[in-house]
Amino acid sequence: MQSSPADPLQEQLQVLQRKVRDVVPQVQRLTCERMDGELQRLTLIYDSSPLEPGGSSVVLTVSQDGTLDVVVGFHAPEAAAFSEAEQAALEALAELIGLTVRNHFNALASLYVAAEVALDFAALRDFETGGHLNRVSHYSRLIAEGLAERRGLSAHAVDQIARFSRLHDIGKIGIPDRILLKQGPLTDEERQVMNTHVELGLEMIGKVLGQYDLSALPGAQVLCNVISHHHERLDGSGYPKGLKGEAISLEGRIVAVADVFDAVVSRRPYSNSAKIQEGLAVVQQEADAGRLDGDCVAELKQVLAAAAVSSDAGAGRSAGRPR
């Protein structure tokens, strides 16, 4: 089974939890909440393990410039487990944890800004409608959320996949208009040129990440995988590298299903319900043939059936045939 993208923050907090236990061994559970600026509420971002009711806890707030930023909880199964000296040590450790969380999200913010700059630049060519990009992002989020528990995707990993899916075809900026905007089928030679948009996209994003020194930041690999893998197919029939099976990232598989599905439904003139059914039939055929990820297709089918999602969300002009 394809592994989920690694979550650097979870790994960092696991390391810090071990350091906490080296200092205060009673701590059996660590929790961490972060103030979400958009939602204006605390969001749980780490919980090492549940404990039986009871016991004792030290819950500390970490602020930045006088504003609540992070809440860290240290929990022990025994009552009155922490001495005053230990509580003082936990205060210092909470500041370290808060700094780690803050640095992680500041890095993510920088990466998101760079991605938006690239997307704004792409809009100058108008090679693909905002409606298509928004829908692919929407469907990618639905699939990722459905797979989250089974594949170990955190809320932030889901958000990254949805955000970066909007850049899956960024390389089409470099495709000549005579091919990119051609009405009707492409010749074999034109198809070869069109297929280079994946390498062009990776080169472009690589320059953006390098210019802003973002290549090593959490999420950068997810962005690159979305671009490089969304045209790969599990049976090796995709491009640019003809990757097979486990060599294709989970985020690439997710965006591939979302992209193919929207390419079908966005060009059909009939009712939403009929378009959705045809789109689902196409991606199911591709999954049955071993080209698309069956779990991703199953999640898309389930969530569309349950929520009756309209395929016209973010409507714009037709995105045209999948290229």
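Scoring rules and cut-offs
- Residues numbered from 1 in each chain as written.
- Predicted model: local features only at pLDDT ≥ 70, side-chain atom pairs only at ≥ 80, totals over all residues.
- Heavy atoms only, no water.
- Helix = DSSP H or I, 4+ residues; strand = E, 2+ residues; numbered from the N terminus.
- Buried < 20%, exposed > 50% of the residue type's maximum accessible area, 1.4 Å probe, protein only.
- Contact = heavy atoms within 4.5 Å.
- Areas by Shrake-Rupley, 256 points an atom, 1.4 Å probe, with all protein chains shown as cover.
- Core = buried A, V, L, I, M, F, W, Y, C linked by side-chain atoms within 4.5 Å.
- pLDDT = per-residue confidence, 0-100.
- Salt bridge = Lys/Arg side-chain N within 4 Å of Asp/Glu carboxyl O.
- Pairing = 2+ DSSP bridges.
- Axes fitted to C-alpha atoms, helices over the stretch in contact; angles between N-to-C directions.
- 1 Å grid on protein atoms, 1.4 Å probe; cavity = no way out; pocket = protein on both sides within 12 Å on 5 of 7 lines; lining within 4 Å.
- Points joined across faces, edges and corners; volume = space filled by probe spheres on them.
- Nonpolar A, V, L, I, M, F, W, Y, C, P; charged D, E, K, R; others polar.
- Phe/Tyr/Trp six-rings, centres within 6.5 Å; stacked < 30°, edge-to-face > 60°.
- Lys NZ or Arg CZ within 6 Å of the ring centre and 35° of its normal.

S.K.: For this particular structure, what's the right way to read the overall build of the protein?
M.R.: Scanning the protein from terminus to terminus reveals 11 helices and 4 strands. For the protein, the residues scored as buried account for 47% of the 323 residues in total. The contacts in the protein between residues at least 6 apart in sequence include a share of 68% that link residues at least 24 apart. Carbon and sulfur atoms form 51% of the exposed surface of the protein, whose accessible area is close to 15,300 Å².

S.K.: Just to check I follow, could you spell out the nonpolar core for this structure?
M.R.: A general tendency of soluble globular proteins is for nonpolar side chains to be buried together. Within the largest apolar cluster, 77 residues are counted, with the highest numbers of intra-cluster contacts made by Val-72, Phe-74, Leu-90, Ile-97, Val-101 and Phe-261. Ranked by residues supplied to this core, first place goes to helix H2 (residues 84–123) with 13 residues. Ile-175, Ile-179, Leu-186 and Met-194 belong to the second largest nonpolar core, which has 5 residues in total.

S.K.: Looking at this model, I keep getting lost on unusual backbone geometry. Mind explaining?
M.R.: Where the residue is not glycine, phi is negative for most of them; where a peptide bond is considered, it is trans in most cases. The omega torsion across Tyr-239 and Pro-240 is 15 degrees, close enough to zero to call that bond cis. Looking at where Pro-240 falls in the secondary structure, it is placed in the loop between helix H8 (220–229) and helix H9 (250–265). You will see that Ala-80, though not glycine, has its phi angle at about 50 degrees, which is positive. Positionally, Ala-80 belongs in the loop between strand S4 (67–76) and H2.

S.K.: I'm lost on the side chain of Thr-100 in this one. Help?
M.R.: By secondary structure assignment, the location of Thr-100 is in helix H2. Judged by relative accessible area, Thr-100 falls into the buried class, the value being 15%. Discounting residues that sit within four places of it in the chain, Thr-100 has contacts with Leu-9, Gln-12 and Leu-16.

S.K.: Help me understand the confidence of the model for the protein in this model?
M.R.: Atom-level detail of predicted coordinates should not be read off regions where pLDDT is low. When pLDDT is averaged along the protein, the result is 85, and 87% of the positions lie at 70 or above. Low pLDDT, under 50, characterises residues 309–321; the stretch is placed with 38 contacts to residues that sit more than four places away or in other chains.

S.K.: So what exactly am I meant to see when it comes to the environment of Phe-74 here?
M.R.: With respect to the element layout, Phe-74 can be found in strand S4. On the accessibility criterion, Phe-74 (0% relative accessible area) is buried. Spatially, the C-alpha atom of Phe-74 lies 9.6 Å from that of Val-24, the residues being 50 residues apart in sequence.

S.K.: Where do I start with the pattern of salt bridges in this structure?
M.R.: Counted under the stated rule, the structure contains 14 salt bridges. Note that Asp-69 is salt-bridged to Arg-102, the shortest N-O span being 2.8 Å. With Asp-69 in strand S4 and Arg-102 in helix H2, this pair connects stretches of sequence that are 33 residues apart. For the pair formed by Asp-69 and Arg-102, the shared burial category is buried. Each of Arg-150, Arg-151, Asp-295 and Glu-299 takes part in salt bridges that share partners, so that together they form one network.

S.K.: Honestly, the sheet that holds strand S2 (residues 41–47) in this entry has me stumped. Any pointers?
M.R.: In sheet architecture, strand pairing relies on hydrogen bonds along the backbone and comes in two forms, parallel and antiparallel. The strand order S2-S1-S4-S3 describes an open sheet built from 4 strands, whose pairing is antiparallel. In this open sheet, the two strands that pair with only one neighbour each are S2 and strand S3 (56–64). Averaged over all adjacent pairs, the angle separating strand axes in this sheet is 20 degrees, with direction ignored. Relative to S4, strand S1 (residues 29–36) runs antiparallel, the two sharing 6 bridges. Bridge pairing in S4 places Arg-34 opposite Val-70. On the sheet, helix H1 (residues 8–23) packs against S1, S2 and S4 and is oriented at approximately 70 degrees with respect to S2.

S.K.: Help me out: how do you make sense of H8 in this one?
M.R.: Spacing of three or four residues puts side chains on the same side of an α-helix, whose turn is 3.6 residues. Taken across its 10 residues, H8 has 9 buried, putting it largely inside the fold. Regarding H8, the residues found buried are Ala-220, Val-222, Leu-223, Cys-224, Asn-225, Val-226, Ile-227, Ser-228 and His-229.

S.K.: What exactly am I supposed to notice about empty space enclosed by the protein here?
M.R.: Picture a little ball the size of a water molecule; that probe, rolled over the atoms, points out where space is still empty. Under the definition given, this model contains 2 cavities of 30 Å³ or more. A volume near 50 Å³ is recorded for the second largest cavity. Residue lining of the second largest cavity: His-229, Glu-232, Leu-234, Ile-248, Gly-252, Arg-253, Ala-256, Arg-291, Leu-292 and Asp-293, and that is the complete set. In terms of residue count, H9 provides more of the lining of the second largest cavity than any other element does, 3 residues in total. Taken together, the residues of the lining of the second largest cavity sort by class into 4 nonpolar, 2 polar and 4 charged.

S.K.: So what exactly am I meant to see when it comes to the packing of aromatic side chains here?
M.R.: Each aromatic ring pair is specified by the distance between its two centres and by the angle formed by the two planes. Overall, the coordinates contain 2 aromatic pairs when judged by the stated rule. Judged by centre distance (4.9 Å) and plane angle (85 degrees), the rings of Tyr-139 and Phe-261 are edge-to-face. Of this pair, Tyr-139 sits in helix H3 (residues 130–151) while Phe-261 sits in helix H9, and the two are 122 residues apart along the sequence. This pair shows no difference in class: Tyr-139 is buried, exactly as Phe-261 is. Between the NZ or CZ atom of Arg-34 and the centre of the ring of Phe-105, over which it lies, the distance is 3.8 Å. The cationic tip of Arg-163 hangs over the ring face of Tyr-112; the distance from NZ or CZ to the ring centre is 3.8 Å.

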